[in-house]
Amino acid sequence: MMPLTLSELGDLPAAVDLMTAARALGFGRTKAYELARLGIFPCSVIKVGDTYRVPTAGLLHVLDVELPFARRSEL
């Protein structure tokens, strides 16, 4: 799976699924779920039922991508 580009990062919604966050960070599925389950994913993870969601702001912070860049298309 290819990592996300800066352009793709800028188009993310307010929260993404765990696999999108994992792709942005360069993790595979097994590692992503393991880290989320252990509570040590690199950014905050919200568990909703059986689903993990990752707030995009936290993901971008971990990647050191500033929010103004991420939402430039809305300016």
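Residues numbered from 1 in each chain as written. Predicted model: local features only at pLDDT ≥ 70, side-chain atom pairs only at ≥ 80, totals over all residues. Heavy atoms only, no water.

J.: Is there a simple way to explain the sheet that holds strand β2 (residues 46-48) in this structure?
T.: Backbone-to-backbone hydrogen bonds pair the strands of a sheet. The strands run either parallel or antiparallel. Pairing within the open sheet is antiparallel, and its three strands lie in the order β1-β3-β2. With one partner strand each, in any of the chains shown, β1 (15-17) and β2 form the two edges of the open sheet. Each strand axis lies, on average, 35° off the axis of its neighbour in the sheet, ignoring direction. Relative to β1, helix α2 (residues 18-25) is tilted by about 90°, and along the sheet it contacts β1 and β3 (51-55). (Pairing = 2+ DSSP bridges. Helix = DSSP H or I, 4+ residues; strand = E, 2+ residues; numbered from the N terminus. Axes fitted to C-alpha atoms, helices over the stretch in contact; angles between N-to-C directions. Contact = heavy atoms within 4.5 Å.)

J.: Hey, could you run me through the confidence of the model for the protein chain in this one?
T.: The predicted structure's coordinates, where accompanied by low pLDDT, should not be read in detail. Averaged over the protein chain, the pLDDT score is 87; the fraction of residues at 70 or greater is 88%. The spread of mean pLDDT over the elements of the protein chain runs between helix α5 (residues 67-70), the lowest at 54, and helix α3 (residues 29-38), the highest at 97. (pLDDT = per-residue confidence, 0-100.)

J.: Quick question: what am I supposed to make of the packing of aromatic side chains here?
T.: For any pair of aromatic rings, the description consists of the separation of the ring centres together with the inter-plane angle of the planes. Counted by the stated rule, this structure contains two aromatic pairs. On the basis of an interplanar angle of 85° and a centroid distance of 6.0 Å, the ring pair of F27 and F41 is categorised as edge-to-face. Taken together, the residues F27 in the loop between α2 and α3 and F41 in the loop between α3 and β2 connect sequence positions 14 residues apart. Judged by relative accessible area, F27 falls into the partly exposed class, the value being 26%. (Phe/Tyr/Trp six-rings, centres within 6.5 Å; stacked < 30°, edge-to-face > 60°. Buried < 20%, exposed > 50% of the residue type's maximum accessible area, 1.4 Å probe, protein only.)

J.: Please explain the environment of P42 as it appears in this structure.
T.: On the secondary structure map, P42 appears in the loop between α3 and β2. By relative accessible area, P42 is classed as partly exposed at 37%. Setting aside residues no more than four positions away along its own chain, P42 makes contact with L25, F27, L35 and V62.

J.: Help me understand the pairing of β3 in this model?
T.: Each regular strand displays side chains that alternate between the two surfaces of the sheet. The alternating pattern of β3 places Y52 and V54 on a buried face, while none of T51, R53 and P55, on the opposite face, is buried. Across three bridges, β1 lies against β3 in antiparallel orientation. When the bridges of β3 are listed, A15 appears paired with P55. The pairing of β2 with β3 spans three bridges and is antiparallel. Bridge pairing in β3 links V48 to T51. Counted between consecutive antiparallel strands, the loop separating β2 from β3 contains two residues, among which G49 sits at a positive phi close to 65°.

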